[in-house]
Amino acid sequence: MGNTVAREDFEWVYTDQPHADRRKEILAKHPEIKALMKPDYNLIWVVVLMVLAQLTAFYLVKDLDWKWVVFWAYVFGSCISHSMTLAIHEISHNSAFGNSKAMWNRWFGIFANLPLGLPYSISFKRYHMDHHRYLGGDGIDVDIPTNFEGWFFCTRFRKFIWIVLQPFFYAIRPLCINPKPITRLEVINLLAQLAFDVAIYYLWGVKSIFYMLAGSVLGLGLHPISGHFIAEHYMFLKGHETYSYYGPLNLLTFNVGYHNEHHDFPNIPGKSLPLVKKIAAEYYDNLPQYNSWIKVLYDFVMDDTISPYSRMKRQLKGEVKQD
């Protein structure tokens, strides 16, 4: 239980962005994939229904015993909350209204953010675009853990705690690695969220607020869906930087498991990523892949050669453009 993992630093690589190269190659061979680069208008209605579902839940839990508030926060609220963060991920790629209406996507992201309880959407978009442009970029890609995380969370027990605390690290890490000046939209995101939270408290009380916040924290921590945080880019096999997952939880997560496909074509909505895999099967079928996010979490904790250090990092060259 107290074994220390062998790895003591990140895996440094000196290659260009692999997904950009593969995208060019696939498009040259399968130009029909360009037809999939269009908005997913169904995303709008799915998000609206999810917000309404959470509003209904806020009302229903307001008079329950605390044990049932906690139960439903984990069993139902956490699933909706985590799914909503991945809807926000889709919206950050302008999948709801298209690139020609970028601001519509930003406002819609603020709306989708409301049932999460904490302002998130606008800041996520800014940092997530860096993750795509500069995957593994040292000091830029805040999806990469800090040196402290790699150094400290080096035993099975500590790695388990790291998984539980993932929401905390995802919130704090940008401030440590790549702080950015606050924008007007981030202030609007914050004020809209505060107004919503106050309204929920005024209408239905503290249990509804607890359900909302607990669902978000629990859903992004020790939860089956949270396996995607580790499955996407942690190097279980040396030399492989991105991994796809083709299991049933894609139904709740807007196909975020199709992660090689997503990084190759970030402007294709999640709904169409299975078609990308089908069209360009020769590029994806033989890549390492997962069928269980729960097993990913278990293997991360129990494999003494894997830790937060198990990521590829790049020293970026030339001009770096950030949002």
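Thresholds applied
- Along each chain, residues carry numbers from 1 onward, in the same order as the chain's sequence is written.
- Predicted model: local features are reported for residues with pLDDT of at least 70 only, side-chain atom pairs are reported and counted for 80 or more only, and whole-chain, interface and lining totals are derived from all residues.
- Hydrogen atoms and water are omitted, and side-chain values are computed over all heavy atoms in the structure.
- We call Phe, Tyr and Trp rings a pair once their centres come within 6.5 Å, taking the six-membered ring for Trp, and we label the pair stacked below 30 degrees between planes, edge-to-face above 60, and tilted otherwise.
- Only runs of H or I of at least four residues qualify as helices and only runs of E of at least two qualify as strands under DSSP, and these elements are numbered from the N terminus.
- Buried, partly exposed and exposed residues are distinguished by accessible area as a fraction of the type maximum, computed with a 1.4 Å probe on protein chains only: under 20%, between the cut-offs, and over 50%, respectively.
- The definitions used throughout rest on a 1 Å grid laid over the protein atoms alone, on which a cavity is an enclosed set of points accommodating a 1.4 Å probe that cannot get out and a pocket is an open set flanked by protein within 12 Å on both sides along at least five of seven lines; lining residues are those having an atom within 4 Å of a point.
- Grid points are joined across faces, edges and corners, and a volume is the space filled by probe spheres set on the points.
- Any residue outside Ala, Val, Leu, Ile, Met, Phe, Trp, Tyr, Cys, Pro, Asp, Glu, Lys and Arg is labelled polar, Gly included; the first ten of those are nonpolar and the last four are charged.
- None of His or the chain ends enter the tally, which takes Lys and Arg as positive and Asp and Glu as negative.
- A pair is scored as a salt bridge if a Lys or Arg side-chain nitrogen falls within 4 Å of a carboxyl oxygen belonging to Asp or Glu.
- Whether two residues touch is decided by their heavy atoms; if any such pair falls within 4.5 Å, the residues are in contact.
- UniProt positions are given in the numbering used here, feature names are shortened, and annotations may be inferred rather than shown by experiment.

Peer 1: Just checking my understanding: could you explain the packing of aromatic side chains for this structure?
Peer 2: Geometrically, a pair of aromatic rings is defined through the distance of the ring centres and the angle of the planes. Scanning all chains against the criterion turns up 26 aromatic pairs. Between Tyr170 and Phe229, the ring centres sit 4.8 Å apart and the planes meet at 35 degrees, which makes this aromatic pair tilted. Of this pair, Tyr170 sits in helix 8 (residues 166-177) while Phe229 is found in helix 11 (residues 227-231), placing the two residues 59 residues apart along the sequence. On the basis of relative accessible area, Tyr170 is assigned to the partly exposed category, the value being 26%. Here the aromatic rings of Tyr246 and Tyr258 are separated by 4.9 Å at their centres, their planes lie at 65 degrees, and the arrangement is edge-to-face. Of the two residues, Tyr246 is situated in the loop between strand 2 (244-245) and helix 12 (259-264) and Tyr258 in the loop between strand 2 and helix 12; the sequence distance between them amounts to 12 residues.

Peer 1: How do you make sense of empty space enclosed by the protein when you look at a structure like this?
Peer 2: Think of a ball as big as a water molecule: rolled over the atoms, this probe shows where empty space is left. Applying the stated criterion across every chain, the model contains one cavity of 30 Å³ or more. By volume, the largest cavity is sized at about 30 Å³. Around the largest cavity, the lining residues are Ile88, Ile91, Ser92, Asn105, Arg106, Ser121, Ile122 and Lys125. Grouping the amino acids of the lining of the largest cavity by side-chain chemistry returns three nonpolar, three polar and two charged.

Peer 1: Help me understand the side chain of Glu90 in this model?
Peer 2: Here Glu90 shows up in helix 3 (residues 66-92). Of the side chains with opposite charge, Lys271 lies nearest to the buried Glu90, which makes no salt bridge, at 9.2 Å. Those residues in contact with Glu90, other than ones at most four positions away along the chain, are Leu43, Ser95, Phe254, Pro269 and Gly270.

Peer 1: What's the story with the side chain of Ser92 in this structure? I'm lost.
Peer 2: Tracing the backbone shows Ser92 in helix 3. Those residues in contact with Ser92 that sit more than four places away from it in its chain are Arg106, Phe124, Lys125, His128 and Met129.

Peer 1: Which parts of the structure should I look at to understand the UniProt feature "transmembrane region" (unreviewed entry) in the chain?
Peer 2: Residues given the UniProt feature "transmembrane region" (unreviewed entry) here are residues 43-61, 68-87, 107-124, 187-204 and 210-231. A helix fraction of 100% and a strand fraction of 0% characterise residues 68-87, whose end C-alpha atoms lie 27 Å from each other. Annotated as residues 107-124, this span is 61% helix and 0% strand, and its ends, taken at the C-alpha atoms, are 14 Å apart.

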